[in-house]
Amino acid sequence: ELPPPADVVVDTIEFGGSARAGESLHVEWTVSNHSTNPTAAGWTDAVYLSDDNIWDINDRLLGKTTHSGVLGADGSYTSTLDALVPPTKPGQYRVIVRPDIYNEVFE
């Protein structure tokens, strides 16, 4: 029997604003459970560098972080990641955070 669905969503993403390939980039984000149902006990968030605002398989993975513990109804947490910017073509990029990358939370 499946538990009632939760709704894990990234609410905010903050980062230094600019970095070049090989430089360090600090990313901080807040994830909330927009549901009255608690989540499972843990999952993994993934952070990507994208040349648009939509995640796809061509976006570059900057890193992953693990969230431990249940996220209660309307609860939230903040995570951070320090990563090196991978080699990229010159241009503007966006940071995309995908919570629960392995679909461990029933939503």
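Residues numbered from 1 in each chain as written. Predicted model: local features only at pLDDT ≥ 70, side-chain atom pairs only at ≥ 80, totals over all residues. Heavy atoms only, no water.

Q: With reference to specific residues and values, describe the overall build of the protein.
A: Of the regular secondary structure elements, the protein holds 0 helices and 6 strands. Seen in sequence order, the protein has helices and strands lined up from the N terminus as β-β-β-β-β-β. By its C-alpha atoms, the protein is 50 × 25 × 20 Å across when sized along the principal axes. Classification of the 107 residues of the protein by burial places 37% in the buried group. By sequence separation, contacts in the protein at least 24 residues apart represent 71% of the contacts at least 6 residues apart. Per element, the accessible surface of the protein, about 6500 Å² overall, is 49% carbon and sulfur. (Helix = DSSP H or I, 4+ residues; strand = E, 2+ residues; numbered from the N terminus. Buried < 20%, exposed > 50% of the residue type's maximum accessible area, 1.4 Å probe, protein only. Contact = heavy atoms within 4.5 Å. Areas by Shrake-Rupley, 256 points an atom, 1.4 Å probe, with all protein chains shown as cover.)

Q: Tell me about the side chain of Asp45, and name the residues and values.
A: Here Asp45 is to be found in strand S3 (residues 42-50). Although Asp45 is buried, it makes no salt bridge; Arg98 carries the closest opposite charge, 9.6 Å away. Among the polar contacts listed, one links the side chain of Asp45 to the side chain of Trp29, at a separation of 3.1 Å. Here the side chain of Asp45 touches Tyr77 through a polar contact of 2.7 Å, side chain to side chain. (Lys, Arg positive; Asp, Glu negative; His and termini not counted. Salt bridge = Lys/Arg side-chain N within 4 Å of Asp/Glu carboxyl O. Polar contact = N/O pair within 3.5 Å; in protein donor to acceptor, adjacent residues only side chain to side chain.)

Q: Quick rundown of the sheet that holds strand S4 (residues 60-68)? Include the residues and the values.
A: Taken together, 3 strands build an open sheet; the order of strands is S4-S3-S6 and the sheet is antiparallel. With one partner strand each, in any of the chains shown, S4 and strand S6 (94-98) form the two edges of the open sheet. In this sheet, adjacent strand axes meet at a mean angle of 20° when their direction is disregarded. Note: S3 against S4, 8 bridges, orientation antiparallel. Each bridged residue has a counterpart across the sheet, and for Gly42 the counterpart in S4 is Ser68. (Pairing = 2+ DSSP bridges. Axes fitted to C-alpha atoms, helices over the stretch in contact; angles between N-to-C directions.)

Q: Any chance you could break down the side chain of Thr30 for me, citing the residues and the numbers?
A: By the secondary structure assignment, Thr30 is in strand S2 (residues 24-33). For Thr30, a relative accessible area of 19% translates into the label buried. Looking at Thr30, its side chain comes within polar contact range of the side chain of Thr78, at 3.2 Å.

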